[in-house]
Amino acid sequence: MTGDMSDARWFKSTYSQPTADCVEIAHLSAGAVGVRDSKNPAGPALVFSGEQWDGFLASGIWRG
């Protein structure tokens, strides 16, 4: 899946420390979600459909 990330507003969990290296997410068009490494914001990002992201959150793996 691809998504236009040119206007993405990236953010970290409120549980993250300001100087910590974390993943960031952005809500993209058509319900997609982008995920990237905060240490490398110009690097690649993963893009998930809304259904995939909802499944990840529902799995309990995420503790944010």
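Higher on the page you've got the structure.
Position numbers for residues start from 1 in each chain and track the written sequence from start to end. The predicted origin of the model limits local features to residues at a pLDDT of at least 70 and limits the giving and counting of side-chain atom pairs to 80 or more, whereas totals for whole chains, interfaces and linings rest on all residues. For the side-chain quantities, the full set of heavy atoms in the structure was used; hydrogens and water were omitted.

A. Highlighting the sheet that holds strand β2 (residues 33-37). Any two strands with at least two DSSP-identified bridges between them are counted as paired. Where helices and strands are cited, they refer to DSSP runs of H or I of at least four residues and of E of at least two residues respectively, numbered from the N terminus. Sheet architecture is open: three strands sit in the order β1-β2-β3, paired in antiparallel fashion. Pairing within the sheet leaves two strands with one partner each, and these edge strands are β1 (23-27) and β3 (45-48). The sheet shows a mean angle of 20° between the axes of neighbouring strands, taken without regard to direction. Two elements, β1 and β2, share five bridges in a ladder whose sense is antiparallel. Within β2, the position partnered with Ile25 by the bridge is Val35. Any two residues whose heavy atoms approach within 4.5 Å are treated as being in contact. Here the axes come from fitting lines to C-alpha atoms, over the contacting stretch only for helices, and the angles between their N-to-C directions go from 0 to 180 degrees. Here helix α1 (residues 50-58) sits on the sheet in contact with β1, β2 and β3, set at roughly 95° to β3.

B. Just the pairing of β2, in detail. In terms of residue burial, β2 counts as a mostly covered element, since four of its five residues are buried. What sits between β1 and β2 in their antiparallel hairpin is a turn of five residues, with Ala30 showing a positive phi close to 60°. Of the pairings in the sheet, the one linking β2 to β3 comprises four bridges and is antiparallel in character. When the bridges of β3 are listed, Val35 appears paired with Leu46. In this scheme, a residue with accessible area under 20% of its type's maximum is buried, one over 50% is exposed, and one in between is partly exposed, where area comes from a 1.4 Å probe on protein chains only.

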